[in-house]
Amino acid sequence: MAGFTQYDMYLFGNGRHYEIYNKLGAHRYKDNKETGITFSLWAPHAKRVWLVGDFCNWEANDKYEMQRLEPLGVYTINVPGLDNGECYKYLIETQSGQMLYKSDPYASYSQLRPETASRVFDSSDFKWSDKRWMSKRAENVDVFSQPIAIYEVHPASWRRHPVVTEGIEGMYTYRELADSLCEYVKEMGYTHVELMGISEYPFDGSWGYQVTGYYAPTARYGTPEDFKYFINHMHQNGIGVILDWVPAHFPKDENGLREFDGAPLYEYADPRMGEHPDWGTNIFDYSKNEVCNFLIGSALNWIENFHVDGLRVDAVASMLYLDYGKQDGAWVSNKYGDNKNLEAINFFKHLNTLILGRNPGAMMIAEESTAWPMITGKAEDGGLNFSMKWNMGWMHDFLDYVKQDPLFKKGAHNKMTFAMSYNESENFILVLSHDEVVHLKCSMINKMPGLMGDKFKNLKVAYGFMMGHPGKKLLFMGQEFAQLREWAEDRELDWNLLAQSEHKDIQDYFKGLLHLYLKYPCMYENERSWEAFEWINANDADRSIFSFVRKSKDGKKNLLFVFNFTPVDRNDYRVGVPTKGSYRLIYTQDTVLNESLKDRKGHYYKASLCECDGREYSIAYPLCGYGVAVFTYNY
């Protein structure tokens, strides 16, 4: 590994060093017969910098003082004899004479919390065996036309060992997760897992959203090589991996990025720009090329070095709006006098265009909660060039509706139809994430109205509607089997509930929905177009019934969905249909019946020349209370 050259300096200073993770940080070198580690650090405000560790009793030592390279203030040193596992920090003398012990911003590995030292670790010798997956991914450039059903997972609380190991409290390792999680998501029918909080972070209660190590998979579950094993194993089994990634802010831990070299470096210097008052964190300074390069390098590291299939970018709105979470007078407008962060906008355009251009088939996903236009629009047209956007508006409307007592659902009917009025504006993912089942918001099952039996029925109809509605899918772990308690990061899911018939039944029901989604291309191949979706009846508020069709490109295996959100049986129910012919019932709210439908190839209903829902043809079907009915038909 060559040292930090003037060409590296040029690229980094222009924010275009796309493999910066191979230059800054700790890397092996070989010079004739001598081998060791090269350490390189960007610290332009520093007066002096030393490498410290056990090899020098963590004290400043002339032997380990680092050489400053200009013009950007990069410090570097070669240390012979060091190898994987060595702990180290940088001791920085500021211009005022203060001495700061800092972790390496570019470290590939760290000590297990609460310890904060960086660790040398080179996993470049890892033998990947996911070539088939990576080749297929590169061919699927139109990602939004592919089936995407995401299982959102917090690794520390998905499962835990009953025997507590000091420091990790029974958490599964990356390798253990690879085996058990992969088997589960394959059986259920998910296409991807999305992992919360993988980048190294100090506080468990932050769930991984206050990051100190942007290049290091957290040591809670093992080494970087172990994490590569996890991804490799998932890919070998046809499962994609998405990571949550946090370029919006960072915590104020003493060993971290805050005033890294004695002055604001990674954060804006003006606290009105550089601090999130609600979160107690610092905001990255997107006006600095080197800071943008740090973040872009982190994204590229996960996508290219670790073979991750996509990044879900956290808190995008907080980056786009200068006044996000701030009172009047506590923020600074841009040069045009408004609240848009022009530097963050340019950062996103650069980031997304680069990532997707270099890695066809990868995904950049925005968690963005406002009506900011063209989040998934092309950069050349003024968009931010994300692949997809979480549909937070749909999520809030959906949850507001399904928690209503059936008597009052008709007053909120439009909440379930409104999302289709803007469906063509973005590439949407429908999300029911971890944020909706914590902090007294209740688990999904306990959001449902009525007694416990009714709650399960309500949840089935709700999940059916979600899976039928246009948009990719995401569900947080545990909600697929109706976890009763709210999620907590310090305990595993209540898997014991699956011994109870109601919980096993809803898990089987949701599993069936996932497999239905994978089987029928009309469910995913043309999500944004009105040519692929048609309301049959969007206005049946009095009965709280919704009906619509999803249409395939070739006219075959189209689906008709009917959902009854009240306990009232409609034995005389009739629904309009798009065309004459036979309609085969393939899925209902009854998991036992669904197995029978599968075995007997479904029940057939012949359309009759009987006007209904403004259609010339219709079918009669006995729709039970909280009923779900899915029919397939051809044009």
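In this text the structure is predicted, and so the values were computed from the model without any measurement.

Further remarks concern the sheet that holds strand 14 (residues 249-250). With antiparallel pairing, three strands are arranged side by side in an open sheet as 14-16-15. Lying at the two open borders of the sheet, with one neighbouring strand each, are strand 14 and strand 15 (275-276). Two strands pair when backbone bridges link them, and strand 15 and strand 16 (residues 281-283) are joined in this way by two bridges, in the antiparallel orientation. For H276, the partnering residue across the bridge sits in strand 16 and is T281.

This part takes up the pattern of salt bridges. In the structure shown here, the tally under the stated rule is 33 salt bridges. Across the pair K415 and D397 runs a salt bridge whose closest N-O atoms are separated by 4.0 Å. Remark: D397 occurs in helix 10 (residues 392-402) and K415 occurs in the loop between helix 10 and strand 20 (428-432); sequence separation between them is 18 residues. With relative accessibility at 28%, the residue K415 sits in the partly exposed group. For the salt bridge of K472 with E527, the shortest nitrogen-to-oxygen distance reads 3.3 Å. In this pair, K472 sits in strand 21 (residues 472-476) while E527 sits in the loop between helix 13 (501-519) and strand 22 (533-540), placing the two residues 55 residues apart along the sequence.

What follows is about helix 10. Since the α-helix packs 3.6 residues into each turn, any two residues three or four apart lie on the same face. Burial of helix 10 is extensive: eight of the eleven residues sit out of reach of the surface. Three or more residues of helix 10 are buried, namely M392, W394, M395, D397, F398, L399, Y401 and V402. Those residues of helix 10 hidden inside the fold are in contact with strand 19 (388-390), strand 20, helix 11 (444-447), helix 12 (452-468) and strand 23 (545-550). Between the side-chain oxygen at the start of helix 10 and the backbone nitrogen of G393 there is a gap of 3.4 Å, and the oxygen is on N391.

Right, let's talk about empty space enclosed by the protein for a bit. Scanning the entire structure with this criterion turns up two cavities of 30 Å³ or more. What the largest cavity holds in volume is close to 80 Å³. As for the largest cavity, its lining consists of Y268, M273, H276, I283, Y286, S318, M319, Y321, L322, Y324, K326 and N341. Here the lining of the largest cavity is composed, by residue class, of eight nonpolar, three polar and one charged.

It is worth spelling out the nonpolar core at this point. The biggest cluster of nonpolar side chains holds 191 residues, and the ones touching the most others in it are F39, Y151, Y214, F230 and Y266. Among the elements that take part in this core, helix 7 (residues 289-305) stands out by supplying nine residues, more than any other. By size, the runner-up hydrophobic cluster in this structure holds 19 residues, among which are V562, A607, F631 and Y633.

Turning our eyes to something else, we now look at the packing of aromatic side chains. On inspection of all chains with the given rule, the structure shows 64 aromatic pairs. Relative to F227, the ring of Y174 lies with its centre 5.0 Å away and its plane at 55°, an arrangement referred to as tilted. Taken together, the residues span a long stretch of sequence, with Y174 in helix 4 (residues 174-188) and F227 in helix 5 (residues 224-236) at a distance of 53 residues. With respect to burial, Y174 and F227 carry one shared label: buried.

Once that is clear, we can look at helix 13. A rise of 1.5 Å per residue sets the reference length of helix 13, with its 19 residues, at 27 Å; its end C-alpha atoms lie 27 Å apart and thus fit the reference within 8%. Taken together, the buried positions of helix 13 are occupied by H503, I506, Q507, Y509, F510, G512, L513, L514, L516 and Y517.

One can find Q507 in helix 13. Excluding residues that lie within four positions of it along the chain, Q507 makes contacts with Y184, M188, E480, F481 and L498.

Cut-offs and rules
- Residues numbered from 1 in each chain as written.
- Predicted model: local features only at pLDDT ≥ 70, side-chain atom pairs only at ≥ 80, totals over all residues.
- Heavy atoms only, no water.
- Pairing = 2+ DSSP bridges.
- Helix = DSSP H or I, 4+ residues; strand = E, 2+ residues; numbered from the N terminus.
- Salt bridge = Lys/Arg side-chain N within 4 Å of Asp/Glu carboxyl O.
- Buried < 20%, exposed > 50% of the residue type's maximum accessible area, 1.4 Å probe, protein only.
- Contact = heavy atoms within 4.5 Å.
- Polar contact = N/O pair within 3.5 Å; in protein donor to acceptor, adjacent residues only side chain to side chain.
- 1 Å grid on protein atoms, 1.4 Å probe; cavity = no way out; pocket = protein on both sides within 12 Å on 5 of 7 lines; lining within 4 Å.
- Points joined across faces, edges and corners; volume = space filled by probe spheres on them.
- Nonpolar A, V, L, I, M, F, W, Y, C, P; charged D, E, K, R; others polar.
- Core = buried A, V, L, I, M, F, W, Y, C linked by side-chain atoms within 4.5 Å.
- Phe/Tyr/Trp six-rings, centres within 6.5 Å; stacked < 30°, edge-to-face > 60°.
- Expected span 1.5 Å × (residues − 1).

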